[in-house]
Amino acid sequence: VQLQASGGGLVQAGGSLRLSCAASGRTFSAYGMGWFRQAPGKEREFVATISSSGGATYYADSVKGRFTISRDNAKNTVYLQMNSLKPEDTAVYYCAAGWVANAENYDMRHWGKGTQVTVSS
């Protein structure tokens, strides 16, 4: 599966953005999906994941209550709605596909190119 993320940009603190990740192929609904991010000088970190059916979602503590992951299997797309953005959310955001059990157990096999999110103070 090939993944293409979009929707990044520059936003002021407190603002919102919605990221989208479009997947190619007919097996999208079989994959758990996730969003990860990498800030300058830092390692890539988990943001949120969603099960293949969309029935289960998991979030990093740093984004819980502010970000929402969702998916539309009919459109082969996963979303990340980001509200109440903070400067520390600034990073390149990546979507990924693979196997998801919970917030600590996942195995992402396919990665898309990232989209830059910049939050100004």
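Refer to the structure above for everything that follows.
Remember, predicted model here, so these are calculated numbers, not experimental data.

Some details on the nonpolar core
Core analysis: the largest hydrophobic core is formed by 36 residues, its most contacted members being Trp-35, Leu-80, Met-82 and Tyr-93. For this core, the elements supplying multiple residues, two or more each, are β1 (3-6), β3 (17-23), β4 (32-38), β5 (45-50), β7 (67-72), β8 (77-82), β9 (91-100) and β11 (115-120). Ranked by residues supplied to this core, first place goes to β9 with six residues. With near-sequence residues (within four places) excluded, Tyr-93 lies in contact with Leu-19, Trp-35, Phe-36, Arg-37, Val-47, Phe-67, Leu-80, Met-82, Gly-114, Thr-115 and Val-117.

Let's talk about the sheet that holds β8
Remark on secondary structure: sheet strands pair via backbone hydrogen bonds, oriented parallel or antiparallel. What the four strands build is an open sheet, ordered β1-β3-β8-β7; its pairing is antiparallel. Strands with a single pairing partner mark the edges of an open sheet, and in this sheet they are β1 and β7. Averaged over all neighbouring strand pairs, the angle between strand axes comes to 15 degrees, with direction disregarded. Summarising the sheet, β7 and β8 pair through six bridges and their orientation is antiparallel. Looking across to β8, one finds that Ser-70 is bridged to Tyr-79.

With respect to unusual backbone geometry
A positive phi angle is found at Asn-76, which is not glycine, with a value near 55 degrees. Assignment of secondary structure puts Asn-76 in the loop between β7 and β8. Unlike most non-glycine residues, Ser-84 shows phi in positive territory, near 50 degrees. Examined against the element boundaries, Ser-84 turns out to sit in the loop between β8 and β9. A residue is classified by how much of its surface remains accessible, and Ser-84, at 42% relative accessible area, is partly exposed.

Some words on the environment of Leu-3
Mapped onto the fold, Leu-3 is located in strand β1. For Leu-3, a relative accessible area of 9% corresponds to the buried category. With 93 residues separating them along the chain, Leu-3 and Ala-96 place their C-alpha atoms 7.3 Å apart. In this view, Leu-3 contacts Cys-21, Ala-22, Ala-23, Met-33, Cys-95, Ala-96, Ala-97, His-110, Trp-111, Gly-112 and Lys-113; residues no more than four positions away in its chain are not counted.

Quick notes on the packing of aromatic side chains
Using the criterion set out here, one finds four aromatic pairs in the structure. On the numbers, 5.6 Å between centres and 20 degrees between planes, the contact of Phe-46 with Tyr-106 is stacked. Taken together, the residues span a long stretch of sequence, with Phe-46 in strand β5 and Tyr-106 in strand β10 (residues 106-111) at a distance of 60 residues. On the basis of relative accessible area, Tyr-106 is assigned to the partly exposed category, the value being 30%.

Parameters and conventions
- Residues numbered from 1 in each chain as written.
- Predicted model: local features only at pLDDT ≥ 70, side-chain atom pairs only at ≥ 80, totals over all residues.
- Heavy atoms only, no water.
- Core = buried A, V, L, I, M, F, W, Y, C linked by side-chain atoms within 4.5 Å.
- Buried < 20%, exposed > 50% of the residue type's maximum accessible area, 1.4 Å probe, protein only.
- Helix = DSSP H or I, 4+ residues; strand = E, 2+ residues; numbered from the N terminus.
- Contact = heavy atoms within 4.5 Å.
- Pairing = 2+ DSSP bridges.
- Axes fitted to C-alpha atoms, helices over the stretch in contact; angles between N-to-C directions.
- Phe/Tyr/Trp six-rings, centres within 6.5 Å; stacked < 30°, edge-to-face > 60°.

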